[in-house]
Amino acid sequence: IEHIIQASDVAHTMQHWHTFIRWNTRLYNELYLGYKSGHIETDPTDGWYESQISFLDGYVIPLAKKLQECGVFGVSGDEYLTYAQLNRTEWE
């Protein structure tokens, strides 16, 4: 159940590129607004590209592999891993 909870938080990263980029843009805009209004000290623009690669490599893709291995989502587990890897490639 832990993997399902983790996946629900980052599900957009394991979906089609257009879904991924839509939610990723919304997250960036929210963080940037927080930065501009003084609620966040660091400009999210600094290192955004690298942090997304790191997040996909270090969290999303390993999680998608775990979901695939445990089979909790059936064949969709394969899709989640494939989309996570494709989004990683597209982000480059």
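In the block above lies the structure referred to throughout.
The text that follows walks through the structure, step by step, so that each part is easy to find. Predicted model only: the values in this text are computed from it and were never measured.

## Topic: the overall build of the protein chain
Of the regular secondary structure elements, the protein chain holds four helices and zero strands. Start at the N end of the protein chain and walk to the C end: the helices and strands fall as α-α-α-α. Taken over the C-alpha atoms alone, the protein chain extends approximately 45 × 30 × 20 Å along its principal axes. Looking at the 92 residues of the protein chain, the share that counts as buried comes to 28%. Looking at the protein chain alone, contacts between residues at least 24 apart form 62% of all its contacts between residues at least 6 apart. Approximately 6,000 Å² of the protein chain is accessible, and the part contributed by carbon and sulfur atoms is 54%.

## A look at the packing of helix H3 (residues 48–70) against helix H4 (residues 76–91)
With their axes 9 Å apart at the nearest point, H3 and H4 run at an angle of 165° to one another. Judged on the interaxial angle alone, H4 and H3 are roughly antiparallel. Between H3 and H4 the crossing geometry is left-handed. For the pair H3 and H4, contact is made by Trp48, Tyr49, Gln52, Ile53, Leu56, Asp57, Val60, Ile61, Ala64, Lys65 and Gln68 and by Gly77, Asp78, Tyr80, Leu81, Ala84, Gln85, Asn87, Arg88 and Trp91, respectively. Across the contact of H3 with H4, the residue classes tally to eleven nonpolar, five polar and four charged.

## Remarks on the packing of aromatic side chains
One pass over the full model with this rule turns up eight aromatic pairs. Taking 6.3 Å as the distance between ring centres and 55° as the angle between the ring planes, the aromatic pair formed by Trp17 and Trp91 counts as tilted. Linking Trp17 in helix H2 (residues 17–36) with Trp91 in helix H4, this pair joins segments that are 74 residues apart in sequence. The exposure class assigned to Trp91 is buried, which follows from its relative accessible area of 13%. These aromatic residues form a ring-pair network of at least three members: Trp17, Phe20, Tyr49 and Trp91. When the ring centre of Trp23 is taken as origin, the NZ or CZ atom of Arg26, which lies over that ring, is 4.7 Å away.

## Section: the nonpolar core
Of all hydrophobic cores here, the largest spans 15 residues; its most connected members are Met14, Leu63 and Ala84. Put simply, the parts of the chain that give this core at least two residues each are H3 and H4. Among the elements that make up this core, the one with the highest residue count is H3 (eight residues). Residues within four places of Met14 in sequence aside, it is in contact with Ala7, Val60, Leu63, Ala64, Leu67, Glu79, Tyr80, Tyr83 and Ala84.

Criteria and thresholds
- Residues numbered from 1 in each chain as written.
- Predicted model: local features only at pLDDT ≥ 70, side-chain atom pairs only at ≥ 80, totals over all residues.
- Heavy atoms only, no water.
- Helix = DSSP H or I, 4+ residues; strand = E, 2+ residues; numbered from the N terminus.
- Buried < 20%, exposed > 50% of the residue type's maximum accessible area, 1.4 Å probe, protein only.
- Contact = heavy atoms within 4.5 Å.
- Areas by Shrake-Rupley, 256 points an atom, 1.4 Å probe, with all protein chains shown as cover.
- Axes fitted to C-alpha atoms, helices over the stretch in contact; angles between N-to-C directions.
- Parallel < 35°, antiparallel > 145°, perpendicular 65-115°, else oblique.
- Left-handed = near helix turned anticlockwise from the far one by under 90°.
- Nonpolar A, V, L, I, M, F, W, Y, C, P; charged D, E, K, R; others polar.
- Phe/Tyr/Trp six-rings, centres within 6.5 Å; stacked < 30°, edge-to-face > 60°.
- Lys NZ or Arg CZ within 6 Å of the ring centre and 35° of its normal.
- Core = buried A, V, L, I, M, F, W, Y, C linked by side-chain atoms within 4.5 Å.

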